[in-house]
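Understanding the architecture of this molecule
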Amino acid sequence: MRERDSDGYPAIDVFRLVSAFFVVAIHTSPLAELTPTGDFVLTSVIARLAVPFFFMTSGFFTVTRYAKDAKALWSFEKRTVTVYAAATLIYLPVNIRNGYFKGPWLLPEIIRDILFDGTFYHLWYLPAAAIGAAVAWALIRKADYPWAFAVTGALYLVGLLGDSWFKAAEPVMGGFYGLVFQLMDRTRGGIFMAPIFFVLGAYMKDARIRLPWPLSALGFTLTLAIMTGEALELRALGWARFYTVYLTLPACAFFLFGLLLRIRGRRVRWARSAALIVYIIHPMAIIAARAMARPLGLWGPLVESGPGHFLAVSLITALVAIPLALMLPRHKAGDTLRGRAWRELDTDALEHNVNVLRQIMPSGCELMAVVKANAYGHGEFETARELEKMGVRAWAVATADEGAELRKYGVHGEILVLGYSDPGRARELHRLRLTQTVVSSEYAGRLAQTGVRLRVHIKIDTGMHRLGISWDDAEAIAGVFAHKNLIVTGMYTHLALSELRDNTAYDYTREQRRRFREAVTDLETRGIKAPPAHIQSTYGLLNYPELSEGYVRVGLGIYGVLSAPNESTVLTPDLRPALSVKARVALVRAVPEGEGVGYGGKYRAPGPRKIAILPIGYADGFPRQLSGGKGYVLLRGRRAPVAGAVCMDQMAVDVTDIPDAAPGDVATVIGRDGDEILTAPELAEMSGTITNELLSRLGPRLPVVVRGN
Ligand SMILES: *Cc1c(COP(=O)(O)O)cnc(C)c1O
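Residues numbered from 1 in each chain as written. Predicted model: local features only at pLDDT ≥ 70, side-chain atom pairs only at ≥ 80, totals over all residues. Heavy atoms only, no water.

Some words on the packing of helix H20 (residues 474-482) against helix H21 (residues 503-525)
Where H20 meets H21, the closest approach of the two axes is 10 Å, and the angle between their N-to-C directions is 60°. Relative to H21, the element H20 lies oblique. Crossing of H20 over H21 shows right-handed handedness. Along its contact with H20, which presents Ala474, Ile477, Ala478 and Phe481, the element H21 presents Ala519, Asp522 and Leu523. In terms of residue class, the contact of H20 with H21 is made up of 6 nonpolar, no polar and 1 charged. (Axes fitted to C-alpha atoms, helices over the stretch in contact; angles between N-to-C directions. Helix = DSSP H or I, 4+ residues; strand = E, 2+ residues; numbered from the N terminus. Parallel < 35°, antiparallel > 145°, perpendicular 65-115°, else oblique. Left-handed = near helix turned anticlockwise from the far one by under 90°. Contact = heavy atoms within 4.5 Å. Nonpolar A, V, L, I, M, F, W, Y, C, P; charged D, E, K, R; others polar.)

What follows is the structure in structure tokens.
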């Protein structure tokens, strides 16, 4: 699901349109007679930022390391190919008139043009975008950013030496370029030039690059000045084949993009569509300007005069493109919220919590984000992607399948599987670089027998009596290190009573810690270097911050909740709930006194009531225990009690006291509505359970909408 319209990048949208007119300038040379050097700087330097900027923008919005599937790429490819096909058809008559179809090498020529040079002179941009996006996507997803930058950087250099620096390369690489130019006229296309800009755009999004604006402004000014110098020098040397690819261009585009990225606000969708239309039709406008100028007796001002020609072509293009763009059916971002019921992940809250938790962790201790059970119902993909952007590099999941999902989404770093995995999956664990918990010494033996090299953390049982090798079985613990194919990268235990604050709990926790330390010391006396250790989860950190070791495994805290409302902890950082659950009112009906609502007939309207039906039920995770007035939702800032039994997919709420409740209203099941707030811990308590259970049962039927920056 997408963000709202108001989360857009208006400066980027508008600059696309500006860039499109840069391209018009390239093809009309407005300053040629006035100042040839000025015209060169405008059309061969400044305006050359346009296409890289388009590539970067598409990379920013489409290409990513974090994805559940390749849907975003495919829809970009489909759109680009469709636009290309349409544009090709538009220019077909012109091509026919120009005798395009008369050459001797027609078929190879057509293939080469379709793929690389474009079916009309400016249309090369479209296949370049399609190929560049695919190349960037494959590199980023398969090999990650360092490799993606290395490979696309090398391709870019090949492009550079075949373009503006050509004469520098020709003596050595003339033969190679001879071959390249059999395949394509120029090196500016999808193979050599486009990919690096797609990678750069994607990187700015994934790595959340936010340059301070004075830095971007300064960087842009400097790199543009250097690029101008580079171009003028190349012109003086006579090295260039074309003036499209410059050494300084990626840096310049980076700073420009960084500058525009700072401005957030409402999207200017029409400007995006208009930019594309301007780009595609402006050669038509050139033809039209010429066709109109003669009968009107305006050949001089409209065609021969550089500025006049540029303005005439721009005006014709704008007059067609802008109304057309405004007329195009627009798929509003808000549309994605037309669902029946959904979860909202507040990434600002998530980031706030991560920062707050990091502050209370002692230095040298790393946050291991626990994202098991669909990230406690917050959406594993969305949560992990956002946390990784916040620099989280250690993860814990319950099962190997959850770990595999994280890897598929593009998550880096160490992923610890907290639970049991069948040793038969050793190869898969190895391939996905998952770290397996050694749950017993017998299990270590079975893992070792597979012969597969595996990273493991040893779980020590110090009193939880669930998984783990007993703390006093030093022999068995040391035995794990003896298996050559098991690489022990961690050792941990789990506290059983860390959420309680009475003396018994305090003593028990201290004892667990003592046992754990003793197990570690025993190892060291045997000459085995103990690996990084971890002992705390959220409550351990909040109640016993002094026990922190190499990692803390935090689940609840990241999500900004505790197991129950108003729980007291030693440290009370300001944690903010990151999740809301919403459902849309399907209908509002009047129920006469004495009539029932829903299954079972337990509920009888105590008087004439107004009932709203919400399309969310226990299959989505709303507790059935809250049937019949035991729970409520928020609607129009008021509480609406549950009426009748909660069904699998629906529930009824009483809105008699909310007279303006209407179909389409958004009810808040978890979260804030006006002054009212209903938290997950409160909802859990009402239904007789803890937050952890309530959240982990939120069903995958509720799509996740990401909110925040
Ligand atoms: C789930 C889990 C955690 C996370 O606990 P929170 O209370 O959510 O922080 C930590 N360690 C282990 C072993 C777990 O199973």
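Back to the text.
Comments concerning the domain arrangement of the protein
Domain boundaries assigned for the protein yield domain 1 (1-44 + 268-335), domain 2 (51-265), domain 3 (348-554) and domain 4 (580-707). On a C-alpha basis, the centres of domain 1 and domain 2 stand 20 Å from each other. At the interface, 30 residues of domain 1 touch 32 residues of domain 2. Surface buried jointly by domain 1 and domain 2 totals about 2700 Å² across both partners, of which 73% is contributed by carbon and sulfur atoms. If you sort the residues of domain 1 by the area they bury against domain 2, Tyr9, Phe40 and Tyr279 come out on top, with a joint share of 26%. Connecting domain 1 to domain 2 are 0 salt bridges. Between domain 1 and domain 2 we count 9 residue pairs in polar contact (both at pLDDT 80 or more) in total. Of all the elements in the fold, those that place two or more residues in the side of domain 1 that touches domain 2 are helix H1 (10-28), helix H2 (36-45) and helix H11 (269-296). (Domains from an automatic or database assignment. Buried area = accessible area lost by both parts, 1.4 Å probe. Salt bridge = Lys/Arg side-chain N within 4 Å of Asp/Glu carboxyl O. Polar contact = N/O pair within 3.5 Å; in protein donor to acceptor, adjacent residues only side chain to side chain.)

Points about the site of the ligand
Lining the immediate environment of the ligand, one finds Val370, Lys372, Tyr376, Leu418, Arg466, His494, Ser537, Thr538, Arg553, Val554, Gly555 and Leu556. Between Thr538 and the ligand, the recorded distance is 2.5 Å, taken from a side-chain N or O atom to an oxygen atom. One of the backbone nitrogen or oxygen atoms of Leu556 is found 2.9 Å away from an oxygen atom of the ligand. Relative to its unbound accessible surface of 390 Å², the ligand loses 90% to contact with the protein. Mapped by element, the contributors of at least two residues to the shell around the ligand are helix H15 (372-377) and strand S10 (551-554). Its residues assigned to classes, the shell around the ligand shows 5 nonpolar, 4 polar and 3 charged. (Near = heavy atom within 4 Å. Areas by Shrake-Rupley, 256 points an atom, 1.4 Å probe, with all protein chains shown as cover.)

With respect to the pattern of salt bridges
Inspection of every chain in the model, using the stated rule, returns 31 salt bridges. One salt bridge connects Asp117 with Arg112, and the closest N-O pair in it is separated by 3.3 Å. Arg112 carries the same exposure label as Asp117, and that label is buried. The residue Glu386 makes a salt bridge to Arg385 at a minimum N-O spacing of 3.1 Å. Both residues of the pair, Glu386 and Arg385, belong to the buried class. Several salt bridges converge on common partners, so that one network encompasses Arg340, Asp620, Asp649 and Arg701. (Buried < 20%, exposed > 50% of the residue type's maximum accessible area, 1.4 Å probe, protein only.)

Some details on helix H5 (residues 106-117)
An α-helix turns once per 3.6 residues; consequently, residues spaced three or four apart project the same way. Over its 12 residues, H5 extends only 14 Å from the first C-alpha to the last, a length that falls short of the 16 Å expected when each residue adds 1.5 Å. Contacts from the buried residues of H5 go to helix H4 (71-97), helix H6 (125-161) and helix H7 (166-183). (Expected span 1.5 Å × (residues − 1).)

Section: the pairing of strand S19 (residues 704-707)
Judged by which residues are buried, S19 turns out to be covered on both faces: Val704 and Val706 on one side and Val705 and Arg707 on the other are all buried. As defined by bridge partners, strand S1 (residues 341-346) adjoins S19 across 4 bridges and the pair is classed as parallel. Residue pairing in the sheet places Asp346 in a bridge with Arg707 of S19. (Pairing = 2+ DSSP bridges.)

Quick notes on H7
The first and last C-alpha atoms of H7 sit only 17 Å apart over 18 residues, clearly below the 26 Å expected at 1.5 Å per residue. A maximum bend of about 100° is found in H7 at Met173. Among all positions in H7, only Phe166, Ala169, Tyr177, Val180 and Phe181 are buried. Buried residues along H7 sit against H5 and H6. (Bend = angle between axes of the 7 residues up to and from the residue.)

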